[in-house]
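Structural features, examined
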Amino acid sequence: MSNIAEKVVVITGASSGVGESTARLLSANGAKVVLGARRKDRIDALVTDIITKGGSALGCKTDVTKREDVEALVKGAVDTHGRIDAIVNNAGIMPIAPMVALKVEEWDRMIDVNIRGLLYGVAAVLPIMQKQKLGHIINLASVAGFKVFAPGGTVYSATKFAVRALTEGLRLEHKADNIRCTIISPAAIATELPESSSDEATRKNLREFYKIAIPADSIARAIAYAIEQPPDVDVSEIVIRPTALDF
Ligand code: NDP
């Protein structure tokens, strides 16, 4: 992973799961990670741990639904390191419920975090990467972005279909700027994500479904693989699921 050393990588949703694992793996391979999430205590603990182990990390309390927070996170990276090599737009939520339950506030939150928050990440880095003529935008989608996860995951799937469309559109619009774009589509990763459903019955079903879940580190390795490629190699899309899963 020698191409990872010294790279400046911003990660949203770094306080748990895939974001945390990715931060640990990239920093262990010499990347300078800049980490955002709302749970500042967890970000601070992670930053301290990475630094104690000899790595480079900065943390910033970031709510991706606030454009100014995401701008500040990216500005922190550029002010400290003078550039940004990659952003991992990873923050996401998955409150599952049938449409008839009319959990309109949860629909709004999914749109705000999974789509709008990701776009704020794009908006924050794009002018910088265009100027640098170098950059890498890595967006977390899902297998639910290929196949509608219903009943229950209809709105979540809609957000992840959107992530795939946005990332492919970005790639087409910015390949001439030497900006790489990668869609990462996981399934059933052992993280806190299934617990983001407000409905206890749903959480119970998801716990059952997640019995075959694979570790977050498997996604971190996929992200590292995409980052470590030379600048003229764009790993456009990776799908990772538990071997035994049909979804
Ligand atoms: P986790 O719940 O462990 O992590 C989600 C992260 O998103 C947390 O760090 C959380 O931090 C952050 N987050 C949530 N809301 C916000 C917000 N408003 N602003 C900033 N950060 C926010 O789940 P995963 O690691 O599994 O999820 C990572 C990504 O992977 C998501 O996009 C998810 O959709 C995707 N994914 C996961 C799958 C799985 O099976 N686990 C399958 C397919 C895709 P905090 O609460 O501190 O803000």
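Presented here is an overview of the structure given in this document. All of these numbers come straight from a predicted model, not from anything done at the bench.

Reading guide: rules and limits
- Residues numbered from 1 in each chain as written.
- Predicted model: local features only at pLDDT ≥ 70, side-chain atom pairs only at ≥ 80, totals over all residues.
- Heavy atoms only, no water.
- Helix = DSSP H or I, 4+ residues; strand = E, 2+ residues; numbered from the N terminus.
- Rg over C-alpha atoms; globule rule 2.2 N^0.38 Å.
- Buried < 20%, exposed > 50% of the residue type's maximum accessible area, 1.4 Å probe, protein only.
- Contact = heavy atoms within 4.5 Å.
- Core = buried A, V, L, I, M, F, W, Y, C linked by side-chain atoms within 4.5 Å.
- Pairing = 2+ DSSP bridges.
- Right-handed = clockwise from strand over helix to strand, strands pointing away.
- Axes fitted to C-alpha atoms, helices over the stretch in contact; angles between N-to-C directions.
- Parallel < 35°, antiparallel > 145°, perpendicular 65-115°, else oblique.
- Left-handed = near helix turned anticlockwise from the far one by under 90°.
- Nonpolar A, V, L, I, M, F, W, Y, C, P; charged D, E, K, R; others polar.
- Near = heavy atom within 4 Å.
- Polar contact = N/O pair within 3.5 Å; in protein donor to acceptor, adjacent residues only side chain to side chain.
- Areas by Shrake-Rupley, 256 points an atom, 1.4 Å probe, with all protein chains shown as cover.

1. Quick word on the overall build of the protein
The helix and strand tally for the protein stands at 7 helices and 9 strands. Its C-alpha radius of gyration of 17 Å places the protein within 12% of the 18 Å reference for a compact globule of 247 residues. Seen along its three principal axes, the alpha-carbon backbone of the protein occupies a region of about 50 × 40 × 35 Å. In the protein, which comprises 247 residues, the proportion classed as buried is 49%. Pairs at least 24 residues apart make up 71% of the contacts formed inside the protein by residues separated by at least 6 positions.

2. Side note on the nonpolar core
Of all hydrophobic cores here, the largest spans 38 residues; its most connected members are Val10, Val125 and Ile137. When residues of this core are traced back to their parent elements, those giving at least two are strand 1 (8–12), helix 3 (67–81), helix 4 (104–132), helix 5 (154–174) and strand 6 (179–186). It is helix 4 that provides the largest number of residues to this core, a total of 8 residues. What isoleucine 137 contacts, discounting residues up to four positions off in sequence, is Ile87, Asn89, Val122, Val125, Leu126, Met129, Leu170, Ile179, Arg180, Cys181 and Thr182.

3. Some thoughts on the pairing of strand 5 (residues 135–140)
Moving residue by residue along a regular strand, the side chains alternate between the two faces of the sheet. Within strand 5, 6 of the 6 residues are buried, leaving the element largely enclosed by the surrounding structure. Burial along strand 5 is two-sided: Gly135, Ile137 and Asn139 and His136, Ile138 and Leu140, pointing in opposite directions, are all buried. Where strand 4 (residues 86–89) and strand 5 come together, 4 bridges link them in parallel fashion. From the neighbouring strand, asparagine 89 faces strand 5, where its bridge partner is asparagine 139. Following the chain from strand 4 across helix 4 to the adjacent parallel strand 5, one finds a crossover that is right-handed. As paired strands, strand 5 and strand 6 are joined by 6 bridges and run parallel to one another.

4. A short note on the sheet that holds strand 4
Taken in spatial order, the 7 strands of this open sheet run 3-2-1-4-5-6-9, and their pairing is parallel. Unpaired on one side and paired on the other, strand 3 (56–61) and strand 9 (237–240) mark the two borders of the sheet. Strand after strand, the sheet turns through a mean of 15° between neighbouring axes, direction not considered.

5. Some details on the packing of helix 4 against helix 5
Taken N-terminus to C-terminus, the directions of helix 4 and helix 5 make an angle of 15°; their axes are 9 Å apart at the nearest point. Put simply, helix 4 runs roughly parallel to helix 5. Between helix 4 and helix 5 lies a crossing whose hand is right-handed. Note on element contacts: helix 5 touches helix 4 through Val155, Tyr156, Thr159, Lys160, Ala162, Val163, Leu166, Leu170 and His174, opposite Trp107, Met110, Ile111, Asn114, Ile115, Leu118, Leu119, Val122, Leu126 and Gln130. For the contact of helix 4 with helix 5, the per-class residue count stands at 14 nonpolar, 4 polar and 1 charged.

6. So, the site of the ligand
Around the ligand, a shell composed of 29 residues is seen, among which Ser15, Tyr156, Ile189, Thr191 and Tyr210 lie nearest. Note that an oxygen atom of the ligand is positioned 2.8 Å from one of the backbone N or O atoms of valine 18. Protein coverage of the free-state accessible area of the ligand, which is 880 Å², stands at 96%. Looking at the shell around the ligand, the elements that each hand over two or more residues are helix 1 (17–28) and helix 5.

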